[in-house]
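# Summary of the model geometry
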Amino acid sequence: MPGYLIKKLGRLLLVLIGVSLIAFGMTHWIQGNPAELVLAQTGVDPTQEEIERMEHQLGLDRSLPEQYLTWIEKVLQGDFGTSYITGVPVKEELAYRVPATLKLTIGAFLVTLGLAVPLGIWSAVQKDKLPDVLTRGAASMGLAVPGFIWGLLLCYWFSVRLGLLPMTGEQTFARLVLPVLTLSLPLTSRYICVIRGCILEQLEEGYVFLLRSKGLRERTILWGNVLKNAAVPVVSLLGLSLGSLLGGSVVVESLFSWPGLGSYLITSINNRDYPVITAYVLLMAVAFVLINGLADLLLCLLDPRIRLGGGRQT
Amino acid sequence: MEPLLVVEHFSVQYQRMDRPAVDDVSLSLNPGQVLGVVGESGCGKTTLIKGILGFFPHCVAGVAGSVRLEGKELLGLPDKERRNLLGTSMDVIAQDSGTSLNPMKRIGKQFSQILGEKLGLSYQSSMIYARELLARVNCPKELLNRFPFQLSGGQRQRVLIALAFALRPKLLLADEPTSALDVTVQGQVLRELELLRRDCKSAILLISHNLGAVSRIADQVAVMYQGQVVEYGETHQVMDTPSHPYTKGLIACVPSLSLPKSQRLYNIPQGGKEWEGGCRFASRCPERIPDCQRQAPQLRPGKKGGLVACHCCG
Ligand SMILES: Nc1ncnc2c1ncn2[C@@H]1O[C@H](COP(=O)(O)OP(=O)(O)O)[C@@H](O)[C@H]1O
Ligand SMILES: [Mg+2]
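So, here is what we can say about the structure in this document. Because the structure is predicted, anything quoted here is derived from the model rather than measured.

Next up on the list: the overall build of chain B. Scanning chain B from terminus to terminus reveals 10 helices and 12 strands. For a compact globule of 314 residues, the expected C-alpha radius of gyration is about 20 Å, and chain B comes in at 20 Å, within 12% of that figure. Seen along its three principal axes, the alpha-carbon backbone of chain B occupies a region of about 70 × 50 × 40 Å. Counting across all 314 residues of chain B, residues that qualify as buried make up 52%. Put simply, 63% of the contacts in chain B that link residues at least 6 apart link residues at least 24 apart. Accessible surface, chain B: about 14,000 Å² in total, of which carbon and sulfur atoms supply 51%.

Rendered as structure tokens:
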């Protein structure tokens, strides 16, 4: 078990370093000369002299590795620089926006699990019967229509027509409902299909035949065997899907003017506010690594073949 | 004596197959006896076993005939009643026994789950019983703490036999229990099946294409060809003085160690054309007469005792 986890964690660490290099490169090559930008911001005439003074002040005249190290040291302390537009430290803005996005994505994740797990199991157990057909039909709809369209439809019905849920204002629970639903709908649909498929696949396995031939109840077979085995592929997919959840939050936050990281990113991209974009990229990379590390840990606990290094040949 | 198992005119038809996979098969098996069923792969042996158990996948289009266990009709039996019979009255060792154990559960847990539900044993007493069962099939009790992938093929097969021992079934259907094992282990596994028969007075329907294995422990033998029984009789008589040309061919095919190396192995010729009626074996039969392709031979008493379905050797 430790061997497997260490290998996985090592790989994730490499991902982090790679992303940090890209982010560093972005601050250095894409955004133009930061010294000029800062000068322009402070209203000083960008003469050659002034630029060189500023470059020295910002450490831009040192070697690249040196610059990377000072930069990463700051980043590790949570210092992502100051926004070019507002002049506010990015850190302060993040402290406000990260919790908002977390609320949204964790909420959507929980809703996805809460809906997809029971519906997927039910659908598999009732294969080809009415509940299965209905659930699968609904899931196909959820998949076929893009998330933001669901968002618009939900807005229209629940806020505009029925006036049940607010679209603006405080970050209350009621305010959270529509964006969370919008964000989780496509993922829920996908996971219903995934979970159903994984269970049906397990039901074809030899050990299910053995348990049936011993006359065990279907209940024991499902709850005592099949679900745990079917969870393995689902968990490994979940790690990847959380990424798409974070990506989807960008659209949903803009749609519902939810003050999270996603809408912050959109305005920053429009304004070429590079420190913010860099911070976003780094945060997403960290989130990705954490989530996948967690998923791997969970897989390790779940599946003895991974934990004990056994093959899949059984 | 009333036979334990009576199979009469039993047919199973899969969808999109031009002939039934099991075609008008009649067999009977007395308590404590061993009936060997031999025949090349694809002749319907596994389908026969699943049919006796009442496991018909969705691709089965039709079932006909009668299967009775202790006088009780099994075809069309409600699931709940069948569950009560499974395991205790009849049990099976499936063909691909390598996958018959849950890959994510310790062997001990798998024992306790089955013993708990079928015999109502507590975890502690099921472990005591399981250790005893494993000892009977010459397996160390440490296996209880292992996962299936940590066992050898022979050990897995013995665990399955121990699981079959556990419920003392009156009838054990063993589908090629030795095919996946190397020769030395094959012998041991057969000995353990013998033991089961002696200890539990179980009758065994032993399916195999290993004629050696069958002639060693079977009391009667049925030879199947393309879904039909073509010869059926006492083991010594079918093996020593076979009547049907297919049986003769099967026996001649067994490589013998005492044979000189220069002698070529016997080969049953492959049939050229599709079956169009008459005897199924006719196109491959060395003793064919014109009648064979016109009319299907019925299974009837042969000259040497037993039953044979052949026009020219009956
Ligand atoms: N699930 C299935 N669907 C359709 N045809 C099948 C299925 N299972 C087996 N068959 C066909 O039925 C015949 C008998 O198969 P089987 O009973 O597995 O033979 P055996 O066990 O003797 O090798 C074969 O021709 C096979 O192709
Ligand atoms: Mg078979």
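Read on for the rest.
Another aspect to go through is the coordination of the magnesium ion (ligand 2). Residues and elements named next belong to chain B. Every protein donor of the magnesium ion (ligand 2) is accounted for by Thr 46 (OG1) and Gln 95 (OE1), and the metal-donor separations fall at 2.0 to 2.3 Å. You can see Thr 46 sitting in helix H1 (residues 45-53) and its partner Gln 95 sitting in the loop between strand E6 (90-93) and helix H3 (107-119), a full 49 residues away along the chain. For Thr 46, a relative accessible area of 22% gives the class partly exposed.

This next bit is on the interface of chain A and chain B. Between chain A and chain B, the contact holds 27 residues from the first and 32 residues from the second. Of the roughly 2,600 Å² buried at the junction of chain A and chain B (both faces included), carbon and sulfur atoms supply 62%. Viewed at the interface, chain B and chain A are joined by 2 salt bridges. The tally of links from chain A across to chain B stands at 10 residue pairs in polar contact (both at pLDDT 80 or more). Looking at the side of chain A that touches chain B, the elements with two or more residues in it are helix H9 (206-213), helix H10 (218-255) and helix H13 (304-307) of chain A. Looking at the side of chain A that touches chain B, its residues break down into 9 nonpolar, 11 polar and 7 charged.

Another aspect to go through is the layout of surface pockets. Looking at the largest pocket, its volume works out to about 1,600 Å³. Considering the residues around the largest pocket, the lining is formed by 39 residues, among which Leu 203, Arg 212 and Glu 218 of chain A together with Phe 56 and His 58 of chain B are closest to the centre. Breaking the lining of the largest pocket down by element, the ones donating at least two residues are helix H5 (90-125), helix H8 (173-203), H9 and H10 of chain A together with H1 and helix H2 (79-85) of chain B. In terms of residues, the lining of the largest pocket owes the most to one element, H9 of chain A, which gives 4 residues. Its residues assigned to classes, the lining of the largest pocket comprises 18 nonpolar, 7 polar and 14 charged.

Here is what the cut-offs are and how they apply
Residues numbered from 1 in each chain as written. Chains lettered and ligands numbered in written order. Predicted model: local features only at pLDDT ≥ 70, side-chain atom pairs only at ≥ 80, totals over all residues. Heavy atoms only, no water. Helix = DSSP H or I, 4+ residues; strand = E, 2+ residues; numbered from the N terminus. Rg over C-alpha atoms; globule rule 2.2 N^0.38 Å. Buried < 20%, exposed > 50% of the residue type's maximum accessible area, 1.4 Å probe, protein only. Contact = heavy atoms within 4.5 Å. Areas by Shrake-Rupley, 256 points an atom, 1.4 Å probe, with all protein chains shown as cover. Donors = N, O, S within 2.8 Å, 3.2 Å for Na, K, Ca; no water. Buried area = accessible area lost by both parts, 1.4 Å probe. Salt bridge = Lys/Arg side-chain N within 4 Å of Asp/Glu carboxyl O. Polar contact = N/O pair within 3.5 Å; in protein donor to acceptor, adjacent residues only side chain to side chain. Nonpolar A, V, L, I, M, F, W, Y, C, P; charged D, E, K, R; others polar. 1 Å grid on protein atoms, 1.4 Å probe; cavity = no way out; pocket = protein on both sides within 12 Å on 5 of 7 lines; lining within 4 Å. Points joined across faces, edges and corners; volume = space filled by probe spheres on them.

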